[in-house]
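What follows is the residue order along each chain.
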Amino acid sequence: MAAVATPTVFSGSRNEYRVCPVTTLKVDVAAERLIIWNAVTAIVALTLGGTYALLIGLTRWPDVHLLSAPWFYRLLTAHGMNMLVFWMVFFEAAGLYFGACILLNARLVGVKLAWVAYALMLVGAVMVNYIILAGEADVMFSAYPPLEASPLFYIGYILFAVGAILVCCIFIATILVAKKEGRYQGSMPLAVYGLLTAAIIALFTLGSGAVALIPTLLWRLGVIAGIDPGFYRVTFWGFGHSAQQVNLSAMIAIWYSLGTLTVGSKPVNEKLSRTAFVLYILFINLGSMHHLLVDPGLESVTKFFNTSYAMYLAVLGSLIHAYSIPAAIETAMREKGYNKGLFGWLLNAPWKEPGFSSLMLSLFIFGFIGGPTGVVLGAGQLNLLAHNTWRITGHFHATVVGGTTLAFMGFTYYVIPLVFRRPLFAKALVRWQPWVYGAGMILLSVSMTLAGTFGAPRRHWDVTFTNAIIPVQLPSLMNLMLTFAGIGTLLAVTGGIMYVVVCVGSLFMPKREARSLNPLEA
Amino acid sequence: MEKKHNGWEAPGTMVLVFLLFFWIAFLYFGNWVTLSQAWGMR
């Protein structure tokens with residue numbers, strides 16, 4: 001459908017709009033282009049990160065042990081940057097523009113600035129990838145000083161962060177202007193509220209990143225003599241872990257959206273859900289303390305306060321969502337007549353629809369594996385046992401990957417027909433993709449967690465210490481878990497390839513308006 | 001006016017959330033046992 005200008009509705013705006021025939025929402029065409037470019041770039045980052053994941057996974061599988069040590073650490077650094085930062089933030093930028101403009105029927109404020117933000121993020125991401133692959137930044141995701149990376153690594157990182165800050169500012173400005181212009185009445189939709197939470201957390205997260213990375217850059221440029229590693233660790237994790245809380249908030253906003261899109265659910269109590277988001281803004285940053293629980297530079301009082309008291313307020317927010325979202329789905333299904341027994345609504349749910357299966361698998365993996373393991377690891381005394389073991393990696397693969405990435409994948413299947421305006425390619429693949437990816441991530445994260453419990457360290461090229469002067473006897477169960485993790489990697493990468501094939505294939509499908517909200521029928 | 005809800009409109013979810021609580025409690029106490037073993041207290 002051709003874009004339609006709507007000067008009578010949006011007076012004073014030069015933006016161009018089209019009307020989506022399925023949702024009847026007005027879509028700012030400028031925002032739509034940005035959504036497409038950011039989403040496509042996110043998928044490129046995911047493809048790179050996934051390729052590195054395969055090679056890393058095949059190295060940690062003791063019987064395969066593919067890469068040499070330098071390439072293992074190099075690709076582990078690149079994997080962390082692409083997955084934890086570039087894939088997530090590019091996708092979230094698309095999500096923020098989608099939420100602010102499409103869900104609020106609003107115009108995008110500062111279109112040129114939004115393209116500048118995209119360019120900064122793109123240049124930053126390309127620089128970081130290039131520098132890492134060139135062997136100039138074998139410093140891991142955390143880049144702890146005194147490990148040294150090329151100054152270009154930090155410059156790329158900072159350029160990306162500046163672009164991300166601009167995206168958040170444009171998102172907030174768009175919401176404020178939409179309110180002023182009367183584009184929506186009353187409170188903003190819950191999904192946009194969740195995205196606003198993500199944007200607010202992103203702003204102080206990126207601020208913390210700047211405090212860590214700018215002095216480090218100055219140190220690498222020789223402007224200042226040195227940097228305090230203890231100060232870096234505290235401020236870096238204000239960025240490194242909080243960035244994952246941005247992903248968490250965005251994921252929950254997407255969970256609520258997918259519930260509405262797939263079964264027509266409505267939040268059982270909007271005020272409660274909004275309160276849970278506010279708890280995130282106030283307390284979730286304390287998750288950063290996970291990384292500092294065995295840090296010798298911090299006093300015990302700080303650790304006790306953050307892990308024993310304040311953290312529970314953040315967890316309370318997650319528990320509210322853990323109840324609200326399935327309860328909304330259950331209520332919607334019961335209203336449709338699926339009332340039989342306690343779980344008749346669950347058995348009759350649309351499991352073949354990729355948005356729904358992604359939502360429920362993501363909810364399960366995050367709710368029963370990622371979240372609870374994080375709560376346990378966040379207890380100071382238990383962290384003493386688990387710190388820097390593969391348990392930590394098992395935890396965050398169940399949150400950021402099995403949770404957030406899977407939710408983002410499910411949401412993509414709606415974005416392609418509705419925003420890209422192309423039917424999905426290979427619908428049989430689409431139906432199976434969340435299951436394959438979810439099963440791979442469950443196997444991988446549980447195996448990592450158990451291997452870590454048996455003592456496998458994280459970020460380690462060879463836990464078997466091949467050819468060591470003093471031979472190391474591994475517990476046989478740990479060896480088994482390392483192998484299972486390798487198999488889980490293969491399965492998850494297969495699911496990832498299915499996702500990329502569907503996305504790339506869909507880009508080559510003939511352009512047409514969506515015919516149905518169900519992505520398999522659109 | 002917004003319809004008033006209570007949790008029992010979603011009894012299946014209530015059961016799932018109780019399971020989640022038990023699971024978290026299991027993880028906590030399971031780990032405490034491991035911890036106390038590691039510290040030689042058992």
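This one's a predicted model, so the numbers in the text were calculated from it and none came from an experiment.

S.K.: Looking at this structure, I do not really get the overall build of chain B. What am I missing?
M.R.: A count of helices and strands for chain B gives one helix and zero strands. Buried residues in chain B amount to 10% of all 42 residues.

S.K.: Honestly, the overall build of chain A in this entry has me stumped. Any pointers?
M.R.: A tally of helices and strands in chain A yields 15 helices and two strands. Once the C-alpha set of chain A is aligned to its principal axes, its extents read approximately 75 × 60 × 45 Å. The proportion of buried residues among the 522 residues of chain A is 55%. Within chain A, contacts between residues separated by at least 24 positions form 83% of all contacts whose residues are at least 6 apart in sequence.

S.K.: Would you mind going over the packing of helix H14 (residues 427-453) of chain A against helix H15 (residues 476-507) of chain A with me for this structure?
M.R.: In a packed pair of helices, the relevant descriptors are the angle between the two axes and the axis-to-axis distance. All names here are of chain A. As a packed pair, H14 and H15 sit with axes 7 Å apart at the nearest point and diverge in direction by 155 degrees. The angle between H14 and H15 falls in the class roughly antiparallel. As for the relative orientation of H14 and H15, their crossing is left-handed in sense. Residues that form the contact of H14 with H15 fall into these classes: 24 nonpolar, eight polar and no charged.

S.K.: Sorry if this is basic, but what is going on with the interface of chain A and chain B here?
M.R.: Interfaces are often sized by the amount of accessible area the parts lose when they come together. Taken together, the contacts link 21 residues of chain A with 19 residues of chain B. Of all the secondary-structure elements, those providing two or more residues to the side of chain A that touches chain B are helix H9 (300-335), helix H10 (344-347), helix H11 (354-377) and helix H12 (380-386) of chain A. Of the residues contributing to the side of chain A that touches chain B, the split by class is 15 nonpolar, five polar and one charged.

S.K.: I keep staring at helix H2 (residues 69-103) of chain A and nothing clicks. Help me out?
M.R.: Turn by turn, an α-helix covers 3.6 residues, leaving residues three or four places apart pointing in a common direction. Residues and elements named next belong to chain A. The terminal C-alpha atoms of H2, which comprises 35 residues, lie 48 Å apart, in line with the 51 Å expected from a rise of 1.5 Å per residue. Counting buried residues along H2, 31 of its 35 residues qualify, which places the element largely inside the surrounding structure. Looking one or two residues past H2, Asn 105 carries a phi angle of roughly 60 degrees, positive in sign.

S.K.: What is the right way to read unusual backbone geometry from this model?
M.R.: Excluding glycine, most residues fall at negative phi; most peptide bonds, likewise, are trans. Residues and elements named next belong to chain A. Looking along the chain, the bond that leaves Pro 145 and enters Pro 146 is cis, with omega of 10 degrees. Positive phi values are uncommon outside glycine, yet Ala 143 reaches one of about 50 degrees. Checked against the element boundaries, Ala 143 lands in the loop between helix H3 (111-133) and helix H4 (151-180). Among the residues examined, Ala 143 registers 23 C-beta atoms within 10 Å and is labelled buried.

S.K.: I tried to follow the nonpolar core on my own but got confused; where do I start?
M.R.: Generally speaking, nonpolar side chains in soluble globular proteins are found buried as a group. All names here are of chain A. Formed by 177 residues in total, the largest nonpolar core has its most connected members in Phe 90, Tyr 97, Ala 164 and Trp 255. If one sorts the elements of this core by residue count, H2 sits on top with 23 residues. In contact with Trp 255, not counting residues within four places along its chain, are Ile 325, Leu 359, Leu 363 and Ala 407.

S.K.: Looking at this model, I keep getting lost on the packing of H2 of chain A against helix H5 (residues 190-220) of chain A. Mind explaining?
M.R.: All names here are of chain A. With their axes 10 Å apart at the nearest point, H2 and H5 run at an angle of 135 degrees to one another. By the criterion of interaxial angle, the relationship of H2 to H5 is oblique. In the crossing of H2 with H5, the sense of the turn from one axis to the other is left-handed. Contacts between H2 and H5 involve Glu 92, Gly 95, Leu 96, Gly 99, Ala 100 and Leu 103 from the former and Ala 191, Val 192, Leu 195, Ala 198 and Ala 199 from the latter. In terms of residue class, the contact of H2 with H5 is made up of eight nonpolar, two polar and one charged.

S.K.: Got a minute to help me understand H14 of chain A in this structure?
M.R.: When the terminal C-alpha atoms of H14 of chain A are compared, their 40 Å separation across 27 residues agrees well with the 39 Å that a helix rising 1.5 Å per residue should span. The largest bend in H14 of chain A amounts to roughly 35 degrees and is located at Gln 433 of chain A, with the proline Pro 434 of chain A lying one to four residues further along.

S.K.: Would you mind showing me how to read the confidence of the model for chain B here?
M.R.: Detailed reading of predicted coordinates is not advised where the pLDDT is low. Taken residue by residue, chain B gives an average pLDDT of 77. The fraction at 70 or more is 64%. On the interface metric, ipTM, the complex scores 0.84, and its pTM is 0.94.

S.K.: Please clarify how the confidence of the model for chain A should be interpreted in this entry.
M.R.: Confidence in the prediction of chain A, expressed as mean pLDDT, is 92, and 97% of residues score 70 or more. Contacts from residues 1-12 of chain A, a stretch scored under 50 in pLDDT, to residues over four places away or in other chains number 16 contacts.

Conventions and cut-offs
Residues numbered from 1 in each chain as written. Chains lettered and ligands numbered in written order. Predicted model: local features only at pLDDT ≥ 70, side-chain atom pairs only at ≥ 80, totals over all residues. Helix = DSSP H or I, 4+ residues; strand = E, 2+ residues; numbered from the N terminus. Buried ≥ 20, exposed ≤ 12 C-beta atoms within 10 Å, placed from the backbone. Contact = placed C-beta atoms within 7 Å. Axes fitted to C-alpha atoms, helices over the stretch in contact; angles between N-to-C directions. Parallel < 35°, antiparallel > 145°, perpendicular 65-115°, else oblique. Left-handed = near helix turned anticlockwise from the far one by under 90°. Nonpolar A, V, L, I, M, F, W, Y, C, P; charged D, E, K, R; others polar. Expected span 1.5 Å × (residues − 1). Core = buried A, V, L, I, M, F, W, Y, C linked by C-beta atoms within 7 Å. Bend = angle between axes of the 7 residues up to and from the residue. pLDDT = per-residue confidence, 0-100.

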